[in-house]
Every structure is written in structure tokens, then in C-alpha cells.
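# What the coordinates show
Listed below are the residues making up each chain.
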Amino acid sequence: MKPVKNILSTIVILFLIILSLFTLYLFNGKACNFFRKNKDNIHIAVVAPQKSAAGKSHIQGIQLYVDRINKKGGIKDRKIILDIYDDANDKTTAREKALEIVHKKRAVAVIGHISSAISISGGAVYKQHKIPAVTPSSTSDKLTMENKWYFRTVFNNSSQGKFLAYYVKNILKKTSIYIIREDEEHSSGIAEVFKKEAKEINLPVNYDKAFRAKDPNLDSCLKQMVYNIKKNLEQNSAIFVGTHAREGIKIIKLIREAGIENPVIGPTAFATQNFKQGFDQYPLEKAEPGYYTNGLYMGVPLIYDTANETAQIFKKRYWGKYRETPDWQAAYAYDTAMVIVQAILKTGVTGQPETIENDRIKLRDYLASMTLINDAVAGTTGLNYFDKNGDCPKPITIGIYRHKNITSAQAQLQPVLNSRLIPDIGAALDKGYILPYKKGYIYKTNVVYVGLEMGSIDELNLKKNTALLDFHIWFRYQGEFDAQDIIFLNAIENIRMPPPDSSKKTALTPGKSEDKITATFIKKEEKAGLTSLLYHVRANFRNDFDSDRQVTEEYRQLGFKFRHRNLSRSNLIYVTDIVGMKLTDKSGFVEKMKMDAVLSPEYDWKLDDAHFFLNNALKNSRGDLRYLDLQNKFIECSQFNMEIIIKEDRFSLRRKFSGGVALWLTAISFLVLSMLVISQFQTTFSRFAKSIWFFQALFVFLLLLSAEIVLLSKMAGDPGIQNLKYAILTFDILWWIVPAIFIQLGLNTFIHKPIEKQTGQATPKVMRLIPVYIIYLTTVYGIVTFVFDQNITHLMTTSGVVAVTVGFLIKDNISKLFDSISIIKAYEIKTGQWIQICGFDEGMVEDITKLSTRIRTREGSLLNIPNSVVLSSAIRNYGYKDDVYWQNFKLETVTSKSPEQIMKVLKTAILEPDEILKIPEPMIIFEGQGDSSAIYTVRYAVKDYSKKNEHLTMAWSSVWLHLSKANIELATPHRIIKLAEQISTKTHISA
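An account of the accompanying structure is given in this report. Note that this is a predicted model, so its numbers are computed, not measured.

## Looking at the sheet that holds strand S32 (residues 884-893)
The strand order across the open sheet built from three strands is S32-S34-S33, with neighbouring strands paired in antiparallel fashion. Looking at the sheet topology across the chains shown, the edges are occupied by S32 and strand S33 (923-930). In this sheet, neighbouring strand axes are inclined to one another by 20° on average, regardless of whether the strands run parallel or antiparallel. Along the sheet, helix H25 (residues 899-911) contacts S32, S33 and strand S34 (933-943); its crossing angle with S34, the most-contacted strand, is approximately 25°. Docked against the sheet, helix H26 (residues 948-965) engages S32 and S34, running at close to 40° with respect to S32.

Below you can see the structure in the form of C-alpha cells.
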């Protein structure tokens with residue numbers, strides 16, 4: 001019996017080694033980093049006022065990105081260390097901290113400061129000692145214009161001032177402006193730009209008054225200014241307040257208390273935490289949150305309700321780490337850290353004392369070279385690159401305060417980067433889709449706020465992954481919006497929204513009851529230039545959200561997503577109606593659904609979370625005549641997504657342990673089990689065999705449980721890992737196999753050995769084998785039934801048939817059985833792989849039986865191919881989802897640019913999508929010349945052959961976008977045009 005015992009012991013030991021490797025994976029190199037010497041780290045200095053809300057946002061945003069990089073192993077196995085300095089938002093202190101950074105000689109770059117005047121003070125030191133610095137929030141033109149060592153990832157005062165003046169004139173439609181400003185550099189700079197731009201666009205400035213921030217009579221001075229404005233204020237005018245947050249709080253309070261109802265617009269300083277929290281002390285604000293700021297406009301670098309999916313992911317991660325909603329400063333600080341880390345990676349700097357000065361020069365030179373959009377770092381706030389002055393050209397969003405929340409104004413402006421992408425400029429101008437701006441054009445983007453109230457979730461079918469959702473949905477907008485043009489992308493039936501003022505229900509499913517699935521118009525409201533439409537929708541939706549927890553057994557996703565049928569993102573953006581839905585509390589929506597019993601307990605599932613997010617959807621133009629002249633036939637549309645996460649409502653030990661407790665339990669169980677396994681080989685402990693078996697079983701159970709919790713929580717939190725469901729499957733199988741092993745060991749310990757000891761004779765082999773067969777046969781039945789959800793009743797019934805009948809069955813089916821074995825062994829074909837058998841459509845292998853191989857095609861058809869045919873055919877195996885395969889496509893460009901330039905653009909474009917692998921490296925191959933064109937083949941590697949078409953679309957879209965930005969045109973064969981001309985000529989002659 002020793003060989004069996006040794007084999008089982010080896011299995012247990014291997015099992016422990018595998019779990020210990022998983023534990024090391026979860027630590028992600030932290031143990032190695034612990035022993036790494038400090039000289040191997042790379043230091044980045046962060047300077048901000050640590051006691052202020054704005055400073056805290058900056059530091060936390062930077063720390064969030066650095067922690068993610070360090071968790072992945074740092075930069076070439078070097079951790080990034082943040083040296084944090086508190087400048088107290090004071091010029092003198094800022095200079096002192098800058099000198100301290102200089103003297104320590106270890107920071108390769110500086111992130112900070114948060115305000116312009118402070119940045120200029122510290123910047124003089126960085127310039128003198130040649131240390132590159134990047135600010136996420138200082139907007140003074142002077143900062144970067146006079147210091148080649150300073151960069152910024154936010155827009156500057158000039159672009160902000162011009163933009164705000166244009167918005168007041170062309171969007172708010174005001175005929176005059178009143179200006180209050182302070183005399184310090186930041187505010188006076190933006191106010192002067194605003195004033196100058198106002199005059200250029202014929203917006204009269206009726207009042208322009210500056211004050212000294214350190215005036216001892218400041219309060220009375222500001223009160224007099226507000227009084228003078230109110231006395232002479234025209235009805236169709238606006239007030240521009242160009243100040244810092246502290247002075248702005250006083251002025252806005254005076255304007256509100258004076259009863260002035262004209263629009264007030266301010267700079268980016270009014271979108272900070274310091275400004276929002278500055279009103280909390282006043283009684284009227286406490287009684288009615290937002291009393292002073294409601295309706296206040298300001299330029300904002302980033303508003304999350306109109307931000308892209310990357311920003312939404314950042315917001316979720318920030319909340320998960322700090323339990324706070326990030327402001328725009330946190331996002332810009334995050335991107336600033338990203339830019340510097342990318343520069344470190346590109347330049348290869350190490351930050352060692354002997355190379356620190358040269359490293360700083362390398363970083364500065366690299367940052368200064370990031371002047372093209374192809375060099376940009378795509379971050380949370382958009383593309384990060386710099387102009388010749390070190391400024392980052394980013395768009396400005398107009399925000400408006402509603403109940404202390406900054407939401408997007410009903411109309412936004414976006415730059416037109418390439419007017420050729422507009423099919424008909426004249427028609428676009430007439431419809432107000434674009435506006436003239438400087439020497440070009442600017443998109444006028446309408447913002448439609450979307451809110452909803454869930455009624456019920458019925459007909460939950462997790463096998464088909466569908467559910468019947470009943471909800472009320474409303475749209476609030478300014479101007480024109482046609483809800484009939486909405487397309488629900490994951491609706492099983494075609495939902496047609498009725499026109500406003502229509503009381504007729506629109507049935508969606510032919511042959512089914514009208515009151516089961518309908519879309520009904522409820523009401524229309526108009527007030528103060530805003531329109532609100534309310535609908536009731538009850539329809540079946542397919543739950544096809546791509547989420548980390550979707551593949552787990554405990555969590556599932558429900559919801560819907562929609563976009564406009566015609567309008568692109570340049571003209572229409574959907575925004576979550578945070579105010580209307582009262583989503584200031586993140587859990588409010590979920591709690592209300594629970595109170596309303598939206599999901600019935602009969603389904604054994606309960607509500608866990610809900611998300612509203614936006615992303616860009618690519619819509620095929622489908623031959624639309626407006627887009628015939630465009631090279632890219634795909635149009636970006638704003639897509640609204642509502643996702644509800646439900647959790648299985650059953651007892652689970654997994655939920656009883658937190659991740660931290662489970663990690664400790666994994667380590668302790670591993671150590672104890674290691675000692676127990678070693679002890680069983682020692683004769684000294686043979687008399688304690690029963691106790692050893694008991695403790696081994698106990699700690700194997702704890703190790704299996706805790707390792708499962710730690711591993712699955714780790715994998716579910718990382719969107720880059722695609723094998724979560726396989727990990728779950730592995731643990732489900734282990735929960736059957738490991739107990740079977742210990743039951744067999746228990747039989748030997750508690751039954752066979754005691755009997756042998758008493759009788760002095762070895763137990764007959766048949767008596768040992770029969771229980772083992774029963775144990776493992778039961779284990780196999782359990783795995784097949786409960787893990788793979790297969791019905792084996794017939795198998796268990798026929799398992800008692802006598803061996804004589806089995807012989808006859810084998811006689812008839814032995815050849816077919818060997819066929820199926822040959823397919824698996826010789827051809828290495830397994831279920832889950834994508835293959836193409838000669839003469840048949842490609843598809844995924846669903847099953848290999850002894851009779852046939854079942855393949856599910858891309859169109860959803862099921863092919864049953866006899867195994868004999870499979871064995872005699874040529875087979876192309878594309879592998880599993882995680883297997884790498886190559887794609888390629890050809891394109892022809894005009895010969896106006898050199899092949900080197902075009903190949904560089906193509907290489908950059910194909911490396912941009914995350915789904916395209918960086919290793920092996922994509923290839924751009926010059927194939928030769930065509931008719932007045934150059935022919936290139938773009939070849940790249942991807943994973944998951946089931947998404948072949950999506951990968952090709954994504955790659956081509958990225959290539960087209962980069963070619964357009966680089967002004968490289970795709971070639972059109974001349975012979976087609978000539979043929980059209982010949983036909984036209986012949987037709988004319990015959991006429």
C-alpha cells in the first residue's frame with residue numbers, strides 16, 4: 001500500500017505548491033519588493049497643500065495610479081516612490097519645498113503645484129536646477145511660457161477665457177457682460193482674455209472692476225461692486241467673476257443675496273472642492289444645499305456625467321479606494337502621473353544618484369517632444385500631449401451647479417478637428433449642429449439628461465440570459481430631441497418609442513399580449529426652455545454586458561443600453577440625470593429598488609449594485625449619402641448604459657470571510673499543512689496517524705476555501721484576466737476530488753490498517769479497490785452532475801448492467817470510440833476551441849461524442865460532423881479564447897507621403913487598441929505599388945477567435961482614425977471612375 005500512499009501524498013504536496021504559487025501571484029511581487037533596496041526605486045516629488053480638499057484630491061489621484069503601477073511590478077522591477085511635500089498653498093513655502101527637492105537629489109520629476117501663483121514661485125527653482133515639473137491644474141499662461149522646464153496637462157487661461165466669452169455670446173445668447181476680477185495674476189489673466197475676446201465678438205462689457213485680494217476693506221469693496229452691478233444691470237446680460245475660489249465664494253454669496261437672477265459664469269477655480277465646501281458654513285446653504293451655487297456656470301476640465309468609459313472606470317476605482325467621489329483635479333493628477341511614468345518608461349531613466357541630473361534632462365526633452373497627437377498618452381481626461389509652450393490642448397466642458405453637484409450644461413462645444421469629416425457643412429450650419437469659431441468651426445453638442453425608475457424585473461432566465469424589465473424613463477433636454485430615434489441595442493424585440501402626445505401603446509412582440517411588452521408615452525413638460533418626456537417601457541432584454549463578475553456563479557448583470565439612430569456624439573451626448581434621480585448618494589438607487597421589491601424573492605436572487613455609464617458606440621453608415629465622401633464608414637455615437645448587478649441569495653462561506661482574513665488564513669493553512677505532510681513521513685509520528693489525518697482534512701478544507709476567496713476576488717477585480725470562469729470551474733472540481741482523496745486515505749487510516757494490525761494479514765486487494773472505485777465513481781458522477789450540470793440518471797441506472805451486455809456494446813461501437821479518442825489525442829481538438837474542417841464553416845467545438853463532433857458556427861448553427869469525416873479531413877485549429885492568432889488586412893494609400901511616414905502612422909494606429917497584442921509585435925508590410933497608390937499589409941496578433949470580426953473592425957477603425965489625423969488619404973482605383981465617365985459619355989451621345 002506504500003505506493004498508493006506515496007502517490008496520494010505527492011498529490012497533496014503538489015496541490016499545496018500550486019496554491020502557494022497562487023498566493024505569491026496574489027502578493028504580486030510584494031515580497032520581492034520588500035527586500036529590494038531603496039536605491040533601486042524611482043522617486044517622483046509631489047507638491048500640494050495637504051490640508052486642503054484640492055491638495056488631497058491631487059495626492060490621492062496620483063497615488064491611485066502609482067499604486068496600480070507598483071502592483072504590476074513597477075517600472076522594470078523598480079517601485080515608484082512618491083516624495084510628498086506640503087507647500088501650504090503659499091509662495092514662500094513653495095519655494096522652500098522646491099529647494100528641498102533639489103537638495104535631496106533623488107526625484108526625477110515634480111508633480112505640482114495646484115495653483116498658478118504657487119507654481120510660478122516653485123517653477124523658478126525647478127528652472128534654475130533643471131528639474132522637469134508637470135502641473136495638473138495651474139492654468140496661468142505665464143507659467144509655461146517663461147519656463148521650458150514646466151508643463152501642464154490642463155488647458156491654459158487664454159483658451160479658457162476665449163471659450164467662456166464665446167459661450168456667453170453664442171450659447172447663452174447674452175447681449176452684454178459685467179466683469180468682477182481680482183488683481184492677482186491668475187484671475188486678472190483670465191479676465192483680461194475674457195474681456196478682449198468679448199470685444200472681438202461684439203459682446204459689450206458694461207462693467208469691469210478689479211479689487212485687491214489683500215485689501216483690509218475687501219468685504220465692503222465687494223459689496224459695493226455687487227451693488228453697482230445690480231443698479232445698472234441689463235436684463236439680457238451675464239456676470240463674469242474672474243477670481244480665485246476664496247474670493248469667488250464671497251462674491252457669489254453677495255450676488256445671490258442681492259437677488260440677482262442673471263446668469264453668472266466663472267473660471268475653473270469654481271469647480272474645485274474648496275469652492276463647493278466654502279458655502280457649507282452659511283445657514284441658508286445648510287437649510288437648502290446648493291442655495292448659493294444653483295445655476296452657476298463655469299469652465300470645467302472634466303465632468304463625469306459626459307466623460308468617456310475610461311473616466312468612469314477611474315471614478316469607480318477612486319471610489320473603491322478612498323470612498324470619495326473624485327473631482328476633476330483628481331483625474332488630471334492621475335493622468336499627470338501617467339504621463340511622467342510613460343516618459344520614464346520611454347527614456348529608460350533609473351533615478352540613481354549618479355545619473356539623476358542626466359535623467360531629468362532626458363525626461364524634460366521627452367516631454368517637450370510630445371507635440372503630435374500620435375505621441376499622446378491616452379488617459380482618463382483625454383489625450384495628453386504638449387504644444388511648443390508645454391501646454392496641453394484639451395477641450396473645455398461647461399458645467400452648471402445643481403444642488404451642489406456639477407452637471408453638464410444643456411449645450412456643449414467641441415472643436416472640429418477636421419472639417420472634412422462633416423458631410424455637409426452648409427446643412428450643419430443651418431441646423432445649428434456646428435458654429436463658426438475663429439477660422440474654423442465648433443460642434444454644438446446637445447446634452448440630453450436620462451433618468452429612470454425601475455418598476456420590476458420579471459421572467460428572469462439565467463440560462464438564456466434574458467429578463468423582462470419594466471421601467472419609467474425620462475429625457476430632459478433643451479431645443480430639439482426625437483425619442484423615436486432611440487435604438488435599444490440589447491432589446492430582444494424592436495422597441496419603437498411612440499411620439500409625444502400619443503396615448504396609443506406600441507406592441508413590440510407579434511402574437512403576444514399588448515400589456516406584456518409595450519412602450520408607452522406618458523407625458524411631456526416644458527419649463528424655462530427645457531423639455532421633459534416621460535415614457536413607460538416593458539420589454540425583454542438580453543443581458544450581454546461585459547463585466548468582471550458576469551462569469552461568476554454568484555453575480556449576474558441585467559440592464560439595457562441605447563443610442564440615437566442618426567446623431568453622432570459630436571451633436572448629442574446622453575447624461576445620467578443625477579439630480580432628477582437623486583443619485584447624490586451612490587446607494588440611493590439600489591436602496592429604492594429594494595424598498596420597491598423590484599426583484600421578487602421567488603428567483604432566489606437579490607439586488608446588489610447598479611451602474612449608469614456612457615461609452616462611444618460605432619454605428620455603420622450603411623451607405624448613407626451624407627457620409628459617402630468620408631473614408632471611415634463608422635460613426636461614433638453616444639451610448640447610454642444602465643446595468644443592475646444581482647447576487648445569488650443563498651448561504652455561502654465565501655461571503656463570510658473578507659479578503660484580508662482569507663489571505664491570512666491561506667498563509668496559516670499552508671504552513672500547518674506543510675508540517676503535517678512532512679510529519680506523516682516520520683515514523684515517530686506514526687502513532688498519531690488518525691490525528692494527523694483529521695488535522696490534514698481540516699486545514700485542507702480551510703486552505704481550499706480561503707485560497708478560492710483570495711484568488712477569485714483578485715481575478716474578478718482585474719479586467720485583464722479572462723480565465724475567471726475556468727478558475728471557478730477548477731475549484732468546483734477540487735471540492736469533489738480533494739474530499740475523495742481524503743476519504744480514501746481515511747479508509748486506509750481508520751479501517752484497513754487497524755484490521756491488518758489485529759489480524760496480522762494484509763487486506764485483500766479486492767476489498768481495497770471496490771471502495772476506491774465507489775468513491776471515485778461517485779466523485780465523477782458528482783462532478784458531471786453538479787459542476788457540468790449534466791443529467792446522468794440513465795448512466796447510474798445502466799451502471800449495474802452485467803458485463804456480458806457491455807461486451808456486445810463494445811463490439812458495435814469500438815471503432816467509433818477510437819475515432820473520438822483519435823480526434824482528441826492525434827488532432828488535439830478539445831471543446832471550447834475554434835476550428836475549421838475542410839468543406840464546413842468554422843465554429844467552436846461544443847462536444848466530441850463517440851459518434852460525431854459538434855460545432856457551433858459563427859451564425860449560431862449547430863454542425864454534427866461524423867468522426868470518420870473529421871479524421872479524413874484537413875483541420876485548421878484556432879485554439880481557445882486565450883490562444884493567439886494573427887489577422888491581417890490590406891489597404892492602399894495615395895503616394896503623397898513617404899512609406900516610412902505611412903508605416904509609422906499605421907504602426908501607431910494598430911498598437912492603440914488594448915485588444916491587439918503588443919507581443920508578438922504587429923507588422924506593417926509594404927507590398928508594392930498599385931494604380932497611383934502604395935499597398936500595405938497590416939498584420940497583428942489578437943486573442944479569442946470568436947471576436948474575429950470585432951477585432952478587424954476595431955483595428956480598421958483605429959487605422960482609419962490615425963490616417964485621417966495624419967492627413968493620409970486612402971487610394972481609390974482610377975479605373976472605376978474612368979468607367980463611370982465612359983458610361984456617362986455614351987449615354988449622352990445616344991441621347
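Picking up after the structure, the text goes on.
## A few points about unusual backbone geometry
The phi angle of most residues is negative, glycine excepted, and most peptide bonds adopt the trans form. Residue His113 is bonded to the preceding Gly112 through a cis peptide linkage, with omega at -10°. As for its position among the elements, His113 is in the loop between strand S3 (107-111) and helix H5 (116-129). The step from Ile919 to Pro920 runs through a cis peptide bond, and the omega angle for that step is 0°. Of note, Pro920 is situated in the loop between H25 and S33. Its identity as a non-glycine residue notwithstanding, Asn202 has a phi of 60°, on the positive side. Mapped onto the secondary structure, Asn202 falls in the loop between helix H8 (185-200) and strand S7 (205-211). Positive phi, normally seen in glycine, also occurs at His403, with a value near 55°. Within the secondary structure, His403 sits in the loop between strand S13 (397-402) and strand S14 (405-408).

## Some details on the packing of helix H14 (residues 328-347) against helix H15 (residues 356-369)
Interaxial distance between H14 and H15 falls to 9 Å at its minimum, and their mutual angle equals 110°. It follows from the interaxial angle that H14 and H15 lie roughly perpendicular. For H14 against H15, the interelement crossing comes out right-handed. Within the contact between the two elements, H14 uses Val339, Ala343, Ile344, Lys346 and Thr347 and H15 uses Lys362, Leu363, Tyr366 and Leu367. Its residues assigned to classes, the contact of H14 with H15 shows six nonpolar, one polar and two charged.

## Concerning the packing of aromatic side chains
Summed over the entire model, instances satisfying the criterion amount to 42 aromatic pairs. Summarising the aromatic geometry, the rings of Phe151 and Phe386 are spaced 5.2 Å apart at their centres and angled 55° between planes, so their arrangement reads as tilted. With a gap of 235 residues between them, Phe151 in strand S5 (residues 150-152) and Phe386 in the loop between strand S12 (382-384) and S13 connect regions that are remote in the sequence. Of the residues examined, Phe151 reaches a relative accessible area of 3% and is grouped as buried. Here Tyr167 and Tyr297 contribute two aromatic rings whose centre-to-centre distance is 6.5 Å and whose plane-to-plane angle is 50°, an arrangement assigned as tilted.

## Quick look at H15
Taking 1.5 Å of rise per residue, the 14 residues of H15 would be expected to cover 20 Å, and the 20 Å separating its terminal C-alpha atoms lies within 8% of that figure. Inspection of H15 places Ile356, Asp359, Arg360, Leu363, Arg364 and Leu367 among the buried residues, and these make up the whole buried set. Relative to the axis of H15, the buried residues are bounded by an arc of 135° and lie together on one face. Where H15 is buried, its residues contact helix H4 (91-104), S3, strand S4 (133-135), S5 and H14.

## Some details on the side chain of Thr407
Counting through the fold element by element, Thr407 comes out in strand S14. Using a relative accessible area of 2% as the deciding quantity, one classes Thr407 as buried. For Thr407, the side chain forms a polar contact with the side chain of Tyr449, separated by 3.4 Å. Apart from residues lying up to four places away in sequence, Thr407 is in contact with Ile303, Asp305, Ile398, Gly399, Ile400, Arg402, Tyr449 and Val579.

## Some remarks on the packing of H25 against H26
With their axes 8 Å apart at the nearest point, H25 and H26 run at an angle of 135° to one another. Judged by the inter-axis angle, H25 sits oblique to H26. The interaxial crossing formed by H25 with H26 has right-handed handedness. Of the residues in H26, those in contact with Val905, Leu906, Thr908, Ala909 and Ile910 of H25 are Ala955, Ser958, Val959, His962 and Leu963. When grouped by side-chain class, the residues that make up the contact of H25 with H26 number seven nonpolar, three polar and no charged.

Procedures and definitions
Residues numbered from 1 in each chain as written. Predicted model: local features only at pLDDT ≥ 70, side-chain atom pairs only at ≥ 80, totals over all residues. Heavy atoms only, no water. Pairing = 2+ DSSP bridges. Helix = DSSP H or I, 4+ residues; strand = E, 2+ residues; numbered from the N terminus. Axes fitted to C-alpha atoms, helices over the stretch in contact; angles between N-to-C directions. Contact = heavy atoms within 4.5 Å. Parallel < 35°, antiparallel > 145°, perpendicular 65-115°, else oblique. Left-handed = near helix turned anticlockwise from the far one by under 90°. Nonpolar A, V, L, I, M, F, W, Y, C, P; charged D, E, K, R; others polar. Phe/Tyr/Trp six-rings, centres within 6.5 Å; stacked < 30°, edge-to-face > 60°. Buried < 20%, exposed > 50% of the residue type's maximum accessible area, 1.4 Å probe, protein only. Expected span 1.5 Å × (residues − 1). Arc of directions from axis to C-beta. Polar contact = N/O pair within 3.5 Å; in protein donor to acceptor, adjacent residues only side chain to side chain.

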